[in-house]
Amino acid sequence: MNQDTYFSVKFVPKKSPGEKDKVIFLDQTKLPLEENYIETDSYERISVAIERLEVRGAPLIGICAAYALALSLQNVDQNIEDAFNKAYDRIHSTRPTAVNLFFALNQLKTEFEALADKSAAYNHLLGKAKEIHEKDIEYCKKMGLNGLSIFKKKSVVLTHCNTGKLATGGDGTAFSVIKTGFENGLVSFVYADETRPLFQGLRLTAFELDKCNIPFAVQSDSSAAVLLEQKKVDVVITGADRIALNGDSANKIGTYALAILSYHHNVPFYIAAPSSTIDKNIASGKEIEIEYRDKSELMKINNTEITLPHYEAFMPAFDVTPAHLITGIITEEGVYNFPYNFLR
C-alpha cells in the first residue's frame, strides 16, 4: 500500500474570489473500512470534529484548532473582536487534556491582540496556523531521527493508541520513531495494542502500519503482559497528550498500565512528543485535567449496544504515567532521560 495516499488535514486555498478557503480532514471514526474526507470552512464543524474524535491526537488537534480559529475570521469585516472571542471560546471548550490545543489557540490569540489593524487578522492568523502545521511536520521528522538512538539492536516494538500521521501534521510522534527505525533497519516488527474503548490501535495504527508496509500484529490490551513476560518485545514507545515539568505524562488510557508492565519486566518504555506537548505551567501530573468520555463509547461498538445501557461505567480518556516509569522522552530537540530536570 502507498503510504502517501492519505493525510490527516490539509489547507485548501480558494480558487476564485467567490469561493472560500477551507480545510479537508479525514474522518477517523470511519477508519479503516472507509476513507472519508470532510471539507469545511466552519470553525464550528472543526470543533465538532475534535469533540467526536473525527480528528484526534494532541498535535493534530492543535493544528486543526489553529485553522479553525483563523477561518472564523474569513470574510468578517465588522465586530472582528467579538467574532474572534466567540470562536476562541468555542474551540477552547472542545477537549481539556491535550495541551497542544491551548498552545495553538493562545499563540493565535497573542498574535491577534498584538495587531493594530484587526482587518488584517484573517490573513495574519491563517499564516500563523500554516506555520504551526509546517513546524509540526518538521518536528515529526526530527523526533523520528532522534529516536534512532534508542534502538540498541534490530528491535520488536510495542505501541499503544495511535501516534502517526493520523495524530499529527507529519509522520507522527512515536510512530515516526517506529517508521524511521524500520526504514533504517532497526525495527523488525510492531505489536499494536487495540486500545479500548475506541480501538485507535486496532483501527488507526494498524491502518498506518499497513500503509507503510511495516510487519505488525494487533492484540488485545490485556495481552501486553504476556508479550513482555515472554520477552517478545524489546522496547515500548507511546505518545503523550500533556507532559508536566517533572516528566509525568498523560496519554491514552492504558498507557500507565503498560508503563508498569514494562518497568516490571525491565523493558525500556519511551514517550515521543513535540516540545509543544510539555506544559510549562504545571509541576506534576497531579495538575493535569483528565477528560472523561460518555459511557456509550464503551457500551457500544459502531452504535450497536453490546451490553445493557443502564450499567454505570468509569470512562477516563487518559491516565498519567509517573516520570520514574519513563525511560526517556523523545522530542524534536533530543532524547532525555529520567530525572527530567531539563524541563524546569
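Structural data are supplied above this passage.
Rules of the game
Residue positions are given per chain, counted from 1 along the sequence in the order it is written. Only residues with pLDDT of 70 or above have their local features reported here, since the model is predicted, and side-chain atom pairs are shown and tallied only from 80 upward, although totals for entire chains, interfaces and linings are computed over all residues. The side-chain figures draw on all heavy atoms in the structure; neither hydrogens nor water molecules are used. A run of DSSP states H or I qualifies as a helix once it reaches four residues; a run of E qualifies as a strand once it reaches two. Both are numbered from the N-terminal end. Contact definition: two residues touch when any of their heavy atoms are within 4.5 Å. Buried, partly exposed and exposed residues are distinguished by accessible area as a fraction of the type maximum, computed with a 1.4 Å probe on protein chains only: under 20%, between the cut-offs, and over 50%, respectively. In protein, a polar contact means a hydrogen-donor-capable atom and an acceptor-capable atom, both N or O and within 3.5 Å, with residues adjacent in sequence counting only if both atoms are side-chain atoms; elsewhere, any N or O pair within 3.5 Å suffices. Whenever a helix is involved, its axis is fitted only over the stretch in contact; in every case the axis is a line through C-alpha atoms, and angles between N-to-C directions fall within 0 to 180 degrees. Note on angle classes: values under 35 degrees are labelled roughly parallel, values over 145 roughly antiparallel, values of 65 to 115 roughly perpendicular, and the remainder oblique. Helix crossings get a hand from a simple test, with the near helix turned counterclockwise from the far one by less than a right angle marking a left-handed crossing and a clockwise turn marking a right-handed one. Here the nonpolar group is Ala, Val, Leu, Ile, Met, Phe, Trp, Tyr, Cys and Pro; Asp, Glu, Lys and Arg are the charged ones; every other residue, Gly included, is treated as polar. Each pair of strands is called paired provided DSSP finds at least two bridges between the two strands.

Attention now moves to the environment of Ile50. Within the secondary structure, Ile50 is located in helix α1 (residues 43-52). Taking the C-alpha atoms as reference, Ile50 lies 23 Å from Ala313; in sequence the two are 263 residues apart. Once residues lying within four places of it in the same chain are set aside, the contact partners of Ile50 are Val55, Ile61, Ala65, Thr94 and Arg95.

On to the environment of Asp319, then. In this fold, Asp319 is placed in strand β13 (residues 318-321). Given a relative accessible area of 12%, Asp319 falls into the buried group. Taking the C-alpha atoms as reference points, Asp319 and Gly285, 34 residues apart in sequence, are found 9.4 Å from one another. In contact with Asp319, not counting residues within four places along its chain, are Ser249, Ala250, Asn251, Lys252, Ile253, Gly254, Thr255 and Tyr256. At 3.4 Å, the side chain of Asp319 forms a polar contact with the backbone nitrogen of Thr255.

Put simply, α1 and helix α2 (residues 58-71) touch, their axes get as near as 8 Å, and they point 160° apart. When the axes of α1 and α2 are compared, the pair comes out roughly antiparallel. In this structure, the crossing between α1 and α2 has a hand that is left-handed. Where α1 abuts α2, its residues Tyr43, Ile46 and Ile50 lie against Ile61, Cys64, Ala65, Ala68 and Leu71. Along the lines of polarity and charge, the residues of the contact of α1 with α2 split into 8 nonpolar, no polar and no charged.

To continue, consider helix α6 (residues 174-183). When you tally the buried positions in α6, you get 8 out of 10 residues, the bulk of the element. Among the residues of α6, those classed as buried are Ala174, Phe175, Ser176, Val177, Ile178, Lys179, Thr180 and Gly181. Once α6 finishes, Gly185 follows within two positions and takes phi at roughly 75°, a positive value.

Bringing the pairing of strand β3 (residues 37-40) into the picture now. Residues of β3 alternate between two faces, with Ile38 and Thr40 buried on one and Tyr37 and Glu39 left unburied on the opposite face. In this structure, strand β2 (residues 22-26) lies alongside β3, joined through 4 bridges in antiparallel fashion. By the bridge assignment, Ile24 is partnered in β3 with Glu39.

Quick look at the environment of Pro309 now. Structurally, Pro309 is set in the loop between β12 (304-305) and β13. Here Pro309 falls in the partly exposed class, since its relative accessible area comes to 43%. C-alpha separation for the pair Pro309 and Ser296, spaced 13 residues apart in sequence, amounts to 8.0 Å. Among residues more than four places away in sequence, those in contact with Pro309 are Lys295 and Met299.

In this section: the sheet that holds strand β9 (residues 249-252). An order of β8-β9-β13 is seen for the 3 strands of this open sheet, with the pairing classed as antiparallel. The open sheet has two free edges, formed respectively by β8 (242-243) and β13, since each of these has just one partner strand. As paired elements, β9 and β13 share 4 bridges and run antiparallel to each other. Bridging across to β13, Ser249 finds its partner in Thr321.

If you trace the backbone, Thr97 turns up in the loop between α3 (80-92) and α4 (99-114). In this structure Thr97 comes out as buried when scored by relative accessible area, which is 0%.

Turning to the side chain of Arg293, a few remarks are in order. For Arg293, the location among the structural elements is in the loop between β10 (269-272) and α10 (296-299). For Arg293, a relative accessible area of 16% gives the class buried. Looking at Arg293, its side chain comes within polar contact range of the main-chain oxygen of Glu51, at 3.0 Å. A polar contact of 2.8 Å, which involves the side chain of Arg293, links it to the side chain of Glu291. Setting aside chain neighbours within four positions, we find Arg293 in contact with Glu51, Leu53, Arg95, Met315 and Ala317.

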